[in-house]
Amino acid sequence: MKLLRIATTGALAIAFAVGCGDSTEPQDDVTIADLIGNWNATSMQFTSQSNPPVTLDLITDTFGRMSISINPNGSFEGTFRESFSASEETVSGTVTLQGDTITIAFVQGLDEDVSGTFTLAGDVLTVNGTFQSFDFTPADGNDNPEPASLVIVLVRE
């Protein structure tokens, strides 16, 4: 009887732990409703496709800033500042999801839309995409925009 009670208690504990899950695990079947709220970028890292690659993080390397608010209809608005010395500009557009693909289409702000895969783990949204024409001048001294991979990490307030 004691063994049965221990086994039952252990099974319930495992079931409870599995059922609750870890809030930092990536979520499946994410919808726009899961993204509603205010988000702050903690990283916006561009990596060139040149050899050797050049990496520039507009948030951590240049003291840039981006904050957006995603609405229930998928529209967003916010602010973006490329570097500490740059002026803040308004950004707006739409966010659409299809499976694990996200598209951030800018109506105002950045010159180019961002499309790629994403994960939502708790209150952390990570977007892995591409940018067709990014100017790495601050990092490489070369004034020739080039294709780059892009990783944006956003944290919900």
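Rules behind the numbers
Residues numbered from 1 in each chain as written. Predicted model: local features only at pLDDT ≥ 70, side-chain atom pairs only at ≥ 80, totals over all residues. Heavy atoms only, no water. Helix = DSSP H or I, 4+ residues; strand = E, 2+ residues; numbered from the N terminus. Buried < 20%, exposed > 50% of the residue type's maximum accessible area, 1.4 Å probe, protein only. Contact = heavy atoms within 4.5 Å. 1 Å grid on protein atoms, 1.4 Å probe; cavity = no way out; pocket = protein on both sides within 12 Å on 5 of 7 lines; lining within 4 Å. Points joined across faces, edges and corners; volume = space filled by probe spheres on them. Nonpolar A, V, L, I, M, F, W, Y, C, P; charged D, E, K, R; others polar.

A. Looking closely at the overall build of the protein. For the protein, the helix and strand inventory stands at 3 helices and 9 strands. Listing the helices and strands of the protein from first to last along the sequence gives α-α-β-β-β-β-β-β-β-β-α-β. Looking at the 157 residues of the protein, the share that counts as buried comes to 36%. Of the contacts formed within the protein by residues at least 6 apart in sequence, a portion of 42% connects residues at least 24 apart.

B. A look at the environment of valine 114. Secondary-structure assignment places valine 114 in strand S7 (residues 114-121). Taking the relative accessible area as the measure of exposure, valine 114 reaches 3% and is therefore buried. The spatial distance from the C-alpha of valine 114 to the C-alpha of asparagine 128 is 9.0 Å, given a sequence separation of 14 residues. Those residues in contact with valine 114, other than ones at most four positions away along the chain, are Ile102, Thr103, Ile104, Phe106, Val127, Phe131 and Leu150.

C. Region of the structure containing the layout of surface pockets. Each pocket or cavity is described by its volume, and for the largest pocket that value is around 350 Å³. In this structure, the largest pocket is lined by 17 residues; those nearest its centre are Glu82, Leu110, Asp111, Phe131 and Phe134. Breaking the lining of the largest pocket down by element, the ones donating at least two residues are strand S1 (37-48) and strand S8 (124-134). Looking at the lining of the largest pocket, the element that brings in the most residues is S8, giving 3 residues. Residue classes in the lining of the largest pocket are distributed as 10 nonpolar, 2 polar and 5 charged.

D. Just unusual backbone geometry, in detail. Phi at phenylalanine 63 is positive, roughly 60 degrees, even though this residue is not glycine. Looking at the element boundaries, phenylalanine 63 is found in the loop between strand S2 (55-57) and strand S3 (65-70). Relative accessible area serves as the criterion here: at 53%, phenylalanine 63 is assigned to the exposed category.

Taken by themselves, the reported measurements are silent on function.
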